[in-house]
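Per-entry structural report
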Amino acid sequence: MKKLIQLFVTIFLISGVILFALNRLNATQGYSGGNVLNIYNWGDYIDPDLIDQFEEESGIKVVYQTFDSNEAMLTKIEQGGTTYDIAVPSDYAIAKMIEEDLVIPIDKSKIPNLKHIDDRFLDLPFDPGNQYSIPYFWGTVGIVYNQKLLDGKEPTSWEDLWDPAFKNQILLADGAREVMGMSLNSLGYSLNETDEDKLQEAKANLMDLTPNVKAIVGDEIKLLLANEEAGIGVVWSGDANEIMSENEDLNYVIPSEGSNVWFDNVVIPKTAENVEGAHAFINFMLRPDIAAKNTDYVGYSTPNKDALKLLDAEVREDERFYPDKAVTDTLEVYKNLGKKMLAHYNELFLEFKMHKK
Ligand code: SPD
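What counts, and where the lines are drawn
- Residues numbered from 1 in each chain as written.
- Predicted model: local features only at pLDDT ≥ 70, side-chain atom pairs only at ≥ 80, totals over all residues.
- Heavy atoms only, no water.
- 1 Å grid on protein atoms, 1.4 Å probe; cavity = no way out; pocket = protein on both sides within 12 Å on 5 of 7 lines; lining within 4 Å.
- Points joined across faces, edges and corners; volume = space filled by probe spheres on them.
- Helix = DSSP H or I, 4+ residues; strand = E, 2+ residues; numbered from the N terminus.
- Nonpolar A, V, L, I, M, F, W, Y, C, P; charged D, E, K, R; others polar.
- Domains from an automatic or database assignment.
- Near = heavy atom within 4 Å.
- Polar contact = N/O pair within 3.5 Å; in protein donor to acceptor, adjacent residues only side chain to side chain.
- Areas by Shrake-Rupley, 256 points an atom, 1.4 Å probe, with all protein chains shown as cover.
- Axes fitted to C-alpha atoms, helices over the stretch in contact; angles between N-to-C directions.
- Parallel < 35°, antiparallel > 145°, perpendicular 65-115°, else oblique.
- Contact = heavy atoms within 4.5 Å.
- Pairing = 2+ DSSP bridges.
- Phe/Tyr/Trp six-rings, centres within 6.5 Å; stacked < 30°, edge-to-face > 60°.
- Buried < 20%, exposed > 50% of the residue type's maximum accessible area, 1.4 Å probe, protein only.
- Lys NZ or Arg CZ within 6 Å of the ring centre and 35° of its normal.
- UniProt positions renumbered as here; feature names shortened; annotations may be inferred.

1. Things to note about the layout of surface pockets
Over the atoms rolls a probe the size of a water molecule, and in doing so it shows where empty space is left. Considering only enclosed or pocket space, the largest pocket measures out at about 380 Å³ in volume. N241, S245, G299, V315 and D318 are the residues nearest the centre of the largest pocket, which is lined by 16 residues in total. Counting only elements with at least two residues in the lining of the largest pocket, the list comes to helix 8 (237-244), helix 10 (288-298) and helix 12 (313-316). Residues that form the lining of the largest pocket fall into these classes: 6 nonpolar, 4 polar and 6 charged. Mapping the lining of the largest pocket onto the domain boundaries places at least three of its residues in each of domain 1 (31-132 + 263-322) and domain 2 (139-260 + 331-356). By volume, the second largest pocket amounts to about 210 Å³. Split into classes, the residues belonging to the lining of the second largest pocket amount to 7 nonpolar, 1 polar and 1 charged.

In structure tokens form, the structure reads like this:
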């Protein structure tokens, strides 16, 4: 019996020493198990220097992973088994995450820098009162084109993209809502259409676009357009802005029929393990100097009014990326169409992709 007690005491002491050593090891690396922040964001959507700066200022180690569509992000979080502390979905995906109880409320007392956000970007229908999400970037879907490659033909509407003159010239962003939305808008329908006949008409219309479509691509769309592999791209505004700074023959237009205006907000998934760190990160990213640096790097439009003041007038006054009310009135936000209808959009888009191959 005495020997058994001695054995337990020895095991207890050895475990204590190991735990202490592990703790010290983490401390010398500047973080401990509870001091890690898991971030799940779109690709190319943060200035990497800001991650370093946040780690230095907070002592929190950031683990960063990326996705390239709301659908991919949603599938991963819905499946479970992830412990992201931060995710950055768009409007309709936020509504879906709230509906499915996948996110936790934000404690605004821990986000004093929220005061820097322009009221226009708060209290939007996908998250009334911003109970669950804080604005990060916003933008539109539009057409980027290379004036040099198109023999003086400049597209100004969605309908223009069906012009046979643009054979094999178009790269499409790989998103079901974006591509189906483009087709619906070109036919004069809402990009939140749910009528089956109109959806089938939009898919048939996409099939007709096939000869003009060179490829449907993810984040590499920027490189391909900047390198003049195609004359036209259907892209998110910030991606256009980024490549326009690398190639002066490129221009961006919001199509005349109207388009999508979208909002990417930061949320804290329900499975988060570092809720405190998540709030600290959100507050850090809202600091005007930080948000301005991030905007300069990423190229998307900032909802942070005090960061905007720190940007060059040339950037803030560019109506292609900060459109006026007359244009924004023609734009629609994607609605959460429900699980079944979103799956149907994905299905129709997939049928078009298969047809394209
Ligand atoms: N490379 C970053 C892309 C982020 C774009 N978010 C747009 C969402 C539109 N629904």
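2. Side note on the site of the ligand
Neighbouring residues of the ligand: 14 residues in total, closest G43, S90, W236, D264 and Y300. At 2.8 Å from a nitrogen atom of the ligand is found a main-chain nitrogen or oxygen belonging to G43. A distance of 3.5 Å separates a nitrogen atom of the ligand from a polar side-chain atom of S90. In the complex, 100% of the free accessible area of the ligand, which totals 340 Å², lies under the protein chains. Tallied by class, the residues present in the shell around the ligand amount to 6 nonpolar, 3 polar and 5 charged. Of the residues that make up the shell around the ligand, three or more belong to each of domain 1 (31-132 + 263-322) and domain 2 (139-260 + 331-356).

3. Observations concerning the packing of helix 5 (residues 176-186) against helix 6 (residues 196-209)
Where helix 5 contacts helix 6, the two axes come as close as 9 Å, and the packing angle between them is 100°. In terms of orientation, helix 5 and helix 6 fall into the roughly perpendicular class. Contact residues: V179, M180, M182, S183, L184 and S186 in helix 5; K198, L199, A202, N205, L206 and L209 in helix 6. Looking at the contact of helix 5 with helix 6 residue by residue, the classes come out as 8 nonpolar, 3 polar and 1 charged.

4. With respect to the sheet that holds strand 3 (residues 86-87)
Taken in spatial order, the 3 strands of this open sheet run 2-1-3, and their pairing is parallel. Taken across any chain shown, the strands that pair with only one partner, and hence form the sheet edges, are strand 2 (61-67) and strand 3. By the bridge criterion, 2 bridges tie strand 1 (residues 36-42) to strand 3 in an arrangement that is parallel. When the sheet's bridge partners are listed, Y40 is paired in strand 3 with A87.

5. A short note on the packing of aromatic side chains
According to the stated counting rule, one finds 18 aromatic pairs in the structure shown. A centroid spacing of 4.7 Å and a plane angle of 70° characterise the contact between Y136 and F137, whose relative ring orientation is edge-to-face. Taken as a pair, Y136 and F137 share a single burial class, namely buried. Taken together through their ring pairs, the aromatic side chains of Y40, W42, F67, Y84 and W236 make up a single cluster. Just above the ring of Y92 sits the side chain of R177; from NZ or CZ to the centre is 4.9 Å. One residue, R177, lies across the ring of Y345, its end atom 5.2 Å from the ring centre.

6. Examining empty space enclosed by the protein
Taken as a whole, this structure holds 5 cavities of 30 Å³ or more when the rule is applied. Size it by volume and the largest cavity reaches roughly 170 Å³. In terms of lining, the largest cavity is formed by 16 residues, of which the most central are W42, W236, W262, D264 and Y300. Its residues assigned to classes, the lining of the largest cavity comprises 7 nonpolar, 3 polar and 6 charged. Counting only domains with at least three residues in the lining of the largest cavity, you end up with domain 1 (31-132 + 263-322) and domain 2 (139-260 + 331-356).

7. Side note on the UniProt feature "binding site: spermidine" (unreviewed entry) in the protein chain
Within the UniProt annotation, "binding site: spermidine" (unreviewed entry) is assigned to Y92. Of note, Y92 is situated in helix 4 (residues 91-99). The residues touching Y92, leaving out its near neighbours within four places in the chain, are N70, E71, R177, Y334, K335, N336 and L342. A distance of 2.5 Å separates the side chain of Y92 from the side chain of E71, its partner in a polar contact.

8. Comments concerning the pairing of strand 7 (residues 232-236)
Buried residues dominate strand 7, accounting for 5 of its 5 residues. Bridge count between strand 4 (residues 134-146) and strand 7: 5 bridges; the pairing is antiparallel. The residue bridging V141 from the neighbouring strand is W236, located in strand 7. Across 3 bridges, the pairing between strand 5 (residues 170-173) and strand 7 is parallel.

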